[in-house]
Each structure stands twice: as structure tokens, then as C-alpha cells.
Amino acid sequence: PDKAEPLLLRSVTIYKERVAAAPDSEGKIAYERHIAFGSFWLVAIATSSNRVDMALAHCKDALQYAEVETPEQRDIITRGCAEVRGKAKDEGSK
């Protein structure tokens, strides 16, 4: 995770820069898919190292870009981020 995280962050950043300049909707959708799943992997890394605030920030990106995903993939991202929000809520009440 320590080596993967900076690479994932960089790839998500690159895709975000390119999504706006995508020449067609098909290219834009491909970039958005990469952002959604790259961000969701960042959620997993942040959660595994107990950085719930960082996981929540990545959830925001994952959910924003998950609109282009299939319903099943969108559901995975939605449920995963709901778990992170629940964990954040539990930690906030301690």
C-alpha cells in the first residue's frame, strides 16, 4: 500500500486533468471509470491504515465519478463508502 498509494494518487490526478479535455464522450467515460476505481482503491488503502478522513475524501471522488459505472460496480462503490461513513461516525462518537 505504501508504494501503491502515491502511484494511484498520481494516476487519478492525471485522469482528472484529462477528463475535461477528452475529445469524445467515450473517452471521457473511460477516464471517469479510471477515476472512480482508482479513488475507490485509495479508499481501501486509507481505510486499512485507519485514515478515515482521507478515505472519506476519496469516497467523494469515487462516488462522483461512479455514475458512469454499471449498476453493480456503482453498488460496490456506494456500499464501500457507506461502510467508511459508518466507521467515521462510530469513531466520532467515541
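Higher on the page you've got the structure.
In this report, the structure presented in the accompanying data block is examined. (Residues numbered from 1 in each chain as written. Predicted model: local features only at pLDDT ≥ 70, side-chain atom pairs only at ≥ 80, totals over all residues. Heavy atoms only, no water.)

## Focus: the packing of aromatic side chains
Applicable threshold: Between 30 and 60 degrees the pair is tilted, below 30 it is stacked and above 60 it is edge-to-face, where a pair is any two Phe, Tyr or Trp rings, Trp via its six-membered ring, whose centres lie within 6.5 Å. For the purposes of this entry, the term helix denotes a DSSP run of H or I that reaches at least four residues, the term strand denotes a run of E that reaches at least two, and both are numbered from the N terminus.
Enumeration over the complete set of coordinates arrives at 1 aromatic pair. Seen from their ring centres, Y15 and Y31 are 5.6 Å apart, and the 45 degrees between their planes marks the pair as tilted. Of the two residues, Y15 is situated in helix α1 (residues 4-19) and Y31 in helix α2 (residues 25-48); the sequence distance between them amounts to 16 residues.

## Focus: the state of the cysteines
The cut-off we apply is this: Disulfides are defined as cysteine sulfur pairs within 2.5 Å. The buried label goes to any residue with under 20% of its type's maximum accessible area, the exposed label to any with over 50%, and the partly exposed label to all in between, with areas taken from a 1.4 Å probe on protein chains only.
Inspection of the entire model under this criterion finds 1 disulfide. Through a disulfide, C59 is tied to C81; the S-S separation comes to 2.3 Å. Disulfide C59-C81: torsion about the S-S bond near -100 degrees, hence left-handed. Residue C59 is located in helix α3 (residues 52-65), and its partner C81 is located in helix α4 (residues 71-92); the two are separated by 22 residues in the primary sequence. The two residues C59 and C81 agree in class, both being buried.

## A short note on the pattern of salt bridges
So the rule is basically this: Salt bridges are defined by distance alone: a side-chain nitrogen of Lys or Arg within 4 Å of a carboxyl oxygen of Asp or Glu.
Taken as a whole, this structure holds 4 salt bridges when the rule is applied. Taking the shortest distance from any N to any O, the salt bridge between R79 and D75 comes out at 2.8 Å. With R79 and D75 both in helix α4 and 4 residues apart, the pair spans about one turn of that helix. Given a relative accessible area of 36%, D75 falls into the partly exposed group.

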